[in-house]
Amino acid sequence: MGLDQYLEARQYISRREWTDGGSTENPDFHIIAPMTRGGVLDPDGFSGISLTYNAAQWRKANGIQRWMQDHLADGDMQNCQDYYVSTDTLVELRQSCELVLGAKDKKAMAASEGLSPMEGFFYGGQDLDEWYFRDLQYTVDSINRLEKSGALSDTEISFYYRAWW
C-alpha cells in the first residue's frame, strides 16, 4: 500500500450536434460508442459518452501530493476523491516544479513553492532525493506533453486529480 496519484483527462462526446436547424447525429459518437458489452447504451437516448484518459500518474510523490492538496482542496484532500484541475493550475504546478529543479537551494525553494514532501504513513520518505527530483521532472514532462498535444488549450478536455492511500 501507499500513495498512488492520478491525473485524468476527460472528454465528453455528445451523441447529437445541435445547430440552428435542429440536431444531427455526431459521427464521432458512433465511432466511439461500441463497448465490449453490447446493449448498455440506450438506443433512443440523447446523452453522450464521457471518455477518461490517464494523463499522468505518480507513486508516493508526496511533494506533488502536498502541492495538489494545498491548491485543490485547501489542505484537506480526501482519499479517492476527484478534484478538478484547471489548465492554469497545471501550468502553475509545472512552473513550481521547474523552480525547484533549477534552484541552488532546492530545499528552501521546495518549501517556498509548496512542494516539500509531506508526512504520512502511506506517503513514503520525506527526503529530497533522486526519486523526489524524478517525480518533479516527470510532472514537468507530463504537463509539457499535454500542452504540446493541445490538450491544455482544448476546452472540451478537463482534468481531474485523485490520490489513493
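If you're wondering where the values come from, they're calculated on a predicted model, not measured in any experiment.

Asker: Tell me about the overall build of the chain, and please be specific about residues and values.
Answerer: Tallying secondary structure elements over the chain gives five helices and six strands in all. Secondary structure elements of the chain occur, N-terminal to C-terminal, as β-β-β-α-β-α-β-α-α-α-β. Against the 2.2 N^0.38 benchmark of 15 Å for 165 residues, the chain shows a C-alpha radius of gyration of 19 Å, more extended than a compact globule. Principal axes of the C-alpha set define a box for the chain whose edges measure 60 × 30 × 25 Å.

Asker: Talk me through helix α5 (residues 130-149); I want residue IDs and the actual numbers.
Answerer: Between its first and last C-alpha, α5 extends 28 Å over 20 residues, near the 28 Å set by a 1.5 Å rise per residue. Regarding α5, the residues found buried are Y132, D135, L136, T139, V140, S142, I143 and L146. End-on view of α5: buried residues confined to an arc of 160°, all on one side of the axis. Those residues of α5 that are exposed and angled more than 90 degrees off the buried face are W131, K148 and S149. Buried-residue contacts for α5 involve β1 (4-13), β4 (49-59), α2 (62-72), α3 (87-102), α4 (106-112) and β6 (157-164). Looking one or two residues past α5, G150 carries a phi angle of roughly 90°, positive in sign.

Asker: Residue-level account of the environment of I13, with values.
Answerer: Tracing the backbone shows I13 in strand β1. The class for I13 is buried, based on a relative accessible area of 9%. Taking the C-alpha atoms as reference, I13 lies 32 Å from W165; in sequence the two are 152 residues apart. Apart from the residues lying within four places of it in its own chain, the contact partners of I13 are N26, D28, F29, I32, G48, I49 and L51.

Asker: Explain the pattern of salt bridges to me, and be specific about the residues and the numbers.
Answerer: Inspection of the entire model under this criterion finds eight salt bridges. Two residues, E8 and R162, come together in a salt bridge whose shortest N-O distance is 3.2 Å. Taken together, the residues E8 in strand β1 and R162 in strand β6 connect sequence positions 154 residues apart. You can call R162 partly exposed: its relative accessible area is 21%. Close ionic contact of R162 with D82 constitutes a salt bridge, the shortest N to O distance being 3.1 Å. In this pair, R162 sits in strand β6 while D82 sits in the loop between α2 and β5 (83-85), placing the two residues 80 residues apart along the sequence. Bridged by salt links that share partners, the residues E8, R10, D82 and R162 form one connected network.

Asker: Lay out the packing of aromatic side chains in plain terms, naming residues and giving numbers.
Answerer: Evaluated as defined, the whole model comprises five aromatic pairs. Ring centres of Y132 and F133 lie 5.1 Å apart, and the angle between their planes is 85°; this geometry places the pair in the edge-to-face category. With relative accessibility at 6%, the residue Y132 sits in the buried group. Members of the aromatic cluster, connected to one another through ring pairs, are W58, Y138 and Y161. The ring of Y160 is capped by R10, whose NZ or CZ atom sits 4.0 Å from the centre of that ring. In this structure, K106 packs its charged tip against the face of F133, placed 5.9 Å from the ring centre.

Asker: Describe the pairing of β1, listing the residues and the values that go with them.
Answerer: Counted residue by residue, β1 has seven buried out of 10 residues, so it is predominantly covered. Direction of pairing for β1 relative to β4: antiparallel, over a ladder of 10 bridges. Looking across to β4, one finds that R10 is bridged to T52. In the sheet, β1 pairs with β6 via eight bridges, with the strands oriented antiparallel. The residue of β6 that forms the bridge with Y6 is R162.

Quick notes on the rules
Residues numbered from 1 in each chain as written. Predicted model: local features only at pLDDT ≥ 70, side-chain atom pairs only at ≥ 80, totals over all residues. Heavy atoms only, no water. Helix = DSSP H or I, 4+ residues; strand = E, 2+ residues; numbered from the N terminus. Rg over C-alpha atoms; globule rule 2.2 N^0.38 Å. Expected span 1.5 Å × (residues − 1). Buried < 20%, exposed > 50% of the residue type's maximum accessible area, 1.4 Å probe, protein only. Arc of directions from axis to C-beta. Contact = heavy atoms within 4.5 Å. Salt bridge = Lys/Arg side-chain N within 4 Å of Asp/Glu carboxyl O. Phe/Tyr/Trp six-rings, centres within 6.5 Å; stacked < 30°, edge-to-face > 60°. Lys NZ or Arg CZ within 6 Å of the ring centre and 35° of its normal. Pairing = 2+ DSSP bridges.

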